[in-house]
Amino acid sequence: MKNLSNINTVKSIVKNNNFKFSKGLGQNFIVAPEVCPKMAEACNLSEGIIEIGPGIGTLTLELAKRFKKVVAIEIDKRLIPILNENLSEFKNAEVIQGDILKINIKDLIASNFSECKKISICANLPYYITSEVIMHILESEVDINSIVLMIQKEAAERICALPGTRKSGAISLAVRYFGIPEILFDVKRECFVPAPKVDSSVIKIDLNDKSSRHKIKNKRSFFKVVRAAYSQRRKNLLNSLSRGLGISKEEILDVLMKANINSCSRAENLTFDDFAKLSNLLFEF
Ligand code: SAM
């Protein structure tokens, strides 16, 4: 078995296949031996794994060693023969060529994981589509145990920030509607070829705890309120909500008072429960 996390192995695979890295597809391959085993172990308690963007298969190998079934989705056609060769020993690993954003996750699971009790998603994500991929998975509303992702460090901090704190953003609230995110560990930029300009972090979103969503009467209304509040995060809520939702300031003020929220607060001052209260009241409006 090739040691795919060794820099010389990666360089010789790239050279032998005349492969040119695509910046546009976020191709930075991992070359640190300790990272992929740790990511794979973070998917514990699952039997089936969907990997996004396997590259040359470094993380895929670690997943295939540990789990019953691995399905890896890779957009770049040039990588498919390389992946098939590198994964040839593992009959439980399958590669599908495609764009994860165009794949229906529900159908993918139904047709590939009927024998797996619990499923996780694991990926060293291309940074250009981090939020889209996360929301694509979460919005598919499939029964997934956890999502383990390597993403840009700053994006990880934003996603895992507690609502009501300065680093929070609309994505922190959106993710917490579906589960509990946490940062597992950081990965320096030197751990990739080519090295990106930023450091990374591995995060895990545990999707077993569904208590947050039960506080919300209408999901669409919740997401609309969060988006409106954060679309002008420097403005106070009275202005950002009135503008973003197209509702008069008088009406917004009335709702803020009922929810016991100061109208001078900004989006980043509101907890998840504040947003839940606010959207429940606005939904009744
Ligand atoms: N997993 C490998 C590793 O850790 O070395 C490669 C990670 S690299 C950061 C991202 C990978 O995602 C690349 O192989 C790239 O071709 C692939 N990719 C980019 N956009 C994609 C998409 N929309 N759907 C599926 N794969 C994608």
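Summarised in this report is the structure supplied together with it. (Residues numbered from 1 in each chain as written. Predicted model: local features only at pLDDT ≥ 70, side-chain atom pairs only at ≥ 80, totals over all residues. Heavy atoms only, no water.)

## Overview of the side chain of threonine 58
Moving on, step 1. Within the secondary structure, threonine 58 sits in helix H3 (residues 58–66).
Moving on, step 2. Those residues in contact with threonine 58, other than ones at most four positions away along the chain, are Leu4, Ser5, Ile30 and Cys36. (Helix = DSSP H or I, 4+ residues; strand = E, 2+ residues; numbered from the N terminus. Contact = heavy atoms within 4.5 Å.)

## Comments concerning the nonpolar core
Moving on, step 1. Formed by 62 residues in total, the largest nonpolar core has its most connected members in Ile50, Phe222, Leu241, Phe275 and Leu278.
Moving on, step 2. For this core, the domains that each give at least three residues are domain 1 (7–210) and domain 2 (216–282).
Moving on, step 3. In terms of nonpolar packing, the next biggest core, distinct from the first, is built from 40 residues, Val14, Phe67, Leu87 and Val187 among them. (Core = buried A, V, L, I, M, F, W, Y, C linked by side-chain atoms within 4.5 Å. Buried < 20%, exposed > 50% of the residue type's maximum accessible area, 1.4 Å probe, protein only. Domains from an automatic or database assignment.)

## Focus on the sheet that holds strand E3 (residues 69–74)
Moving on, step 1. Spatially, the 7 strands line up as an open sheet ordered E4-E3-E2-E5-E6-E9-E7, and their pairing is mixed. Strands with a single pairing partner mark the edges of an open sheet, and in this sheet they are strand E4 (93–97) and strand E7 (180–187). Adjacent strand axes in the sheet meet at a mean angle of 20° when their direction is disregarded.
Moving on, step 2. Both strand E2 (residues 48–52) and strand E5 (residues 119–124) contribute to a ladder of 5 bridges, which runs parallel. Each residue of the ladder has a partner; that of glycine 48, found in E5, is isoleucine 119.
Moving on, step 3. Each of E2, E3, E4 and E5 is contacted by helix H5 (residues 105–112), which is oriented at about 140° to E3, the strand it contacts most. (Pairing = 2+ DSSP bridges. Axes fitted to C-alpha atoms, helices over the stretch in contact; angles between N-to-C directions.)

## Describing the packing of helix H11 (residues 249–258) against helix H12 (residues 272–284)
Moving on, step 1. Where H11 contacts H12, the axes come no closer than 9 Å and their chain directions differ by 130°. It follows from the interaxial angle that H11 and H12 lie oblique. In this structure, the crossing between H11 and H12 has a hand that is right-handed. Contacts between H11 and H12 involve Ile252, Val255, Leu256 and Lys258 from the former and Leu278, Leu281 and Leu282 from the latter.
Moving on, step 2. Of the residues that constitute the contact of H11 with H12, the class distribution is 6 nonpolar, no polar and 1 charged. (Parallel < 35°, antiparallel > 145°, perpendicular 65-115°, else oblique. Left-handed = near helix turned anticlockwise from the far one by under 90°. Nonpolar A, V, L, I, M, F, W, Y, C, P; charged D, E, K, R; others polar.)

## Focus: the pairing of E5
Moving on, step 1. Summarising burial for E5: 6 of the 6 residues are buried, a large majority.
Moving on, step 2. The alternating pattern of E5 places Ile119, Ile121 and Ala123 on one face and Ser120, Cys122 and Asn124 on the opposite face, and all of these are buried.
Moving on, step 3. Here E5 runs beside strand E6 (residues 146–152); their pairing, made up of 5 bridges, is parallel. Note on E6: the bridge partner recorded for serine 120 is serine 146.
Moving on, step 4. Handedness of the crossover is the feature at issue here: the chain leaves E5, passes through helix H6 (residues 130–139), returns alongside E6, and the resulting connection is right-handed. (Right-handed = clockwise from strand over helix to strand, strands pointing away.)

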